[in-house]
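# Tertiary structure, described
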Amino acid sequence: MAVAAANRGELADAIAARQWYHTLELAPGLSTPGWFDLRGLPERIGLPGDLAGKRCLDIGTFDGFWAFEMERRGATEVVAVDLLDGQRFDWPTGSDPAVKRTITERKGTGTEVGAGFEIARRALGSAVERRELSVYDLDPEDVGGFDFVYMGSLLLHLRDPVRGLERVRGVCRERLLICDAIDPRLARLHPRLPVAWLDGVGRPWWWKPNPAALVRMAEAAGFAVLSGPTRVRLRPGAGQSTVPLRQAVRGLASRQGRAAGFSARLGDPHCALLLRPVAPDD
């Protein structure tokens, strides 16, 4: 993708002017400093290499990494949905207004809300359509049906993840790929029993399941597992400061220290599932 020198300078300035959640290569040698660098993850979790003829949906798109990747893999149409208004997140009662402002502003303020996606879409010449929509509000009468759906790192932020998955099932015709946060400690202690740790204190972080619980959530919402659970880590990107190795070693004594130290350096623990919606007569 050739970018004129003047346009390249403008693009570099636009990239530098904001925080990024996703690492995106918007021109040769010009990438966004994302909080996460997901490049290489699509193959590891089974994103189809060829989506030609497929209508696809990216839920919780943020800067659009997965939406643009599905488009790059030949999808006929890609719709990306996200909540741009952070006040509409699943906030626990009593959340600190200052915390609300901080988390909400990650998507920008004023006219800059969601600007990262638009900067990337223009730079890539993308035809992805973005709509402001909660996963809870997905309705086939409104958005239609999709052959392939991706939903990443969203169940963690839902008060009712099973309800969210049920809404996804209503618009998913063929396949759903989810990749969401898990608790490695629960995975070690309870490898087969579906259990989850409840947070829900002051921020929209709710459930951290083990892989068995993630599978059970999907099954309870009307999906059958085709492959997985596949455990992966979301690599930190250039926008995320990691703890120096010596400090990480000192932090091994506590759970909080381990999470902020070695776990952050290795990447955020996630688990992927490829699913199909179950027909009523299955």
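Residues numbered from 1 in each chain as written. Predicted model: local features only at pLDDT ≥ 70, side-chain atom pairs only at ≥ 80, totals over all residues. Heavy atoms only, no water.

## Notes on the sheet that holds strand E12 (residues 223–234)
- With respect to topology, seven strands assemble into an open sheet ordered E7-E6-E5-E8-E9-E13-E12, the strand pairing being mixed. Either end of the sheet is taken by a strand with one partner, and the two such strands are strand E7 (129–132) and E12. Across the sheet, the mean angle from the axis of one strand to that of its neighbour is 15°, orientation sign disregarded. (Pairing = 2+ DSSP bridges. Helix = DSSP H or I, 4+ residues; strand = E, 2+ residues; numbered from the N terminus. Axes fitted to C-alpha atoms, helices over the stretch in contact; angles between N-to-C directions.)

## Section: the environment of Asp96
- In this structure, Asp96 sits in the loop between strand E6 (77–82) and helix H4 (97–104).
- For Asp96, a relative accessible area of 41% gives the class partly exposed.
- Between the C-alpha atoms of Asp96 and Gly202, which are 106 residues apart in sequence, the distance is 6.3 Å. (Buried < 20%, exposed > 50% of the residue type's maximum accessible area, 1.4 Å probe, protein only.)

## Details of the side chain of Ser95
- Take Ser95: it is sitting in the loop between E6 and H4.
- Judged by relative accessible area, which is 9%, Ser95 ranks as buried.
- Polar contacts involving the side chain of Ser95 include one to the main-chain carbonyl oxygen of Pro92, which spans 2.7 Å. (Polar contact = N/O pair within 3.5 Å; in protein donor to acceptor, adjacent residues only side chain to side chain.)

## Description of helix H9 (residues 211–220)
- By the criterion of burial, H9 is predominantly enclosed, with seven of the ten residues buried.
- Buried within H9 we find Pro211, Ala212, Ala213, Leu214, Val215, Met217 and Ala218.
- Check the buried side of H9 and you find it contacts helix H7 (161–169), strand E9 (172–181), helix H8 (184–189), strand E11 (207–209), E12 and strand E13 (268–277). (Contact = heavy atoms within 4.5 Å.)

## Brief notes about the packing of aromatic side chains
- In total, this model carries six aromatic pairs according to the counting rule given.
- Ring geometry for Phe68 versus Phe117: centroids 5.2 Å apart, planes at 25°, classification stacked. Residue Phe68 is located in helix H3 (residues 65–72), and its partner Phe117 is located in helix H5 (residues 115–124); the two are separated by 49 residues in the primary sequence.
- On the accessibility criterion, Phe68 (7% relative accessible area) is buried.
- Classification of Phe117 as buried rests on a relative accessible area of 1%.
- For the ring pair Phe89 and Trp91, a centre distance of 6.5 Å and an interplane angle of 15° mean the geometry is stacked.
- According to the relative accessible area criterion, Phe89 is partly exposed, its value standing at 22%.
- Residue Trp91 is classed as buried on the basis of its relative accessible area of 8%.
- Members of the aromatic cluster, each reached through a chain of ring pairs, are Tyr21, Phe36 and Phe62. (Phe/Tyr/Trp six-rings, centres within 6.5 Å; stacked < 30°, edge-to-face > 60°.)

## A word on the environment of Glu112
- Secondary-structure assignment places Glu112 in the loop between H4 and H5.
- We classify Glu112 as partly exposed; its relative accessible area is 42%.
- Separated by 94 residues in sequence, Glu112 and Arg18 have C-alpha atoms that sit 9.2 Å apart.
- In contact with Glu112, other than residues within four places in its own chain, are Arg18 and Lys107.

## Some remarks on the nonpolar core
- Grouped together as the largest cluster of nonpolar side chains are 35 residues, with contacts concentrated most on Leu11, Leu26, Ile45, Trp66, Met70, Phe148 and Tyr150.
- The element contributing the most residues to this core is H3, with five residues.
- With residues up to four places along the chain from it excluded, the contact list for Tyr150 reads Ile45, Leu57, Asp58, Ile59, Trp66, Met70, Leu177 and Cys179.
- Formed by 31 residues, the second largest nonpolar core is a distinct cluster that contains Leu138, Ile178, Ala218 and Cys271. (Core = buried A, V, L, I, M, F, W, Y, C linked by side-chain atoms within 4.5 Å.)

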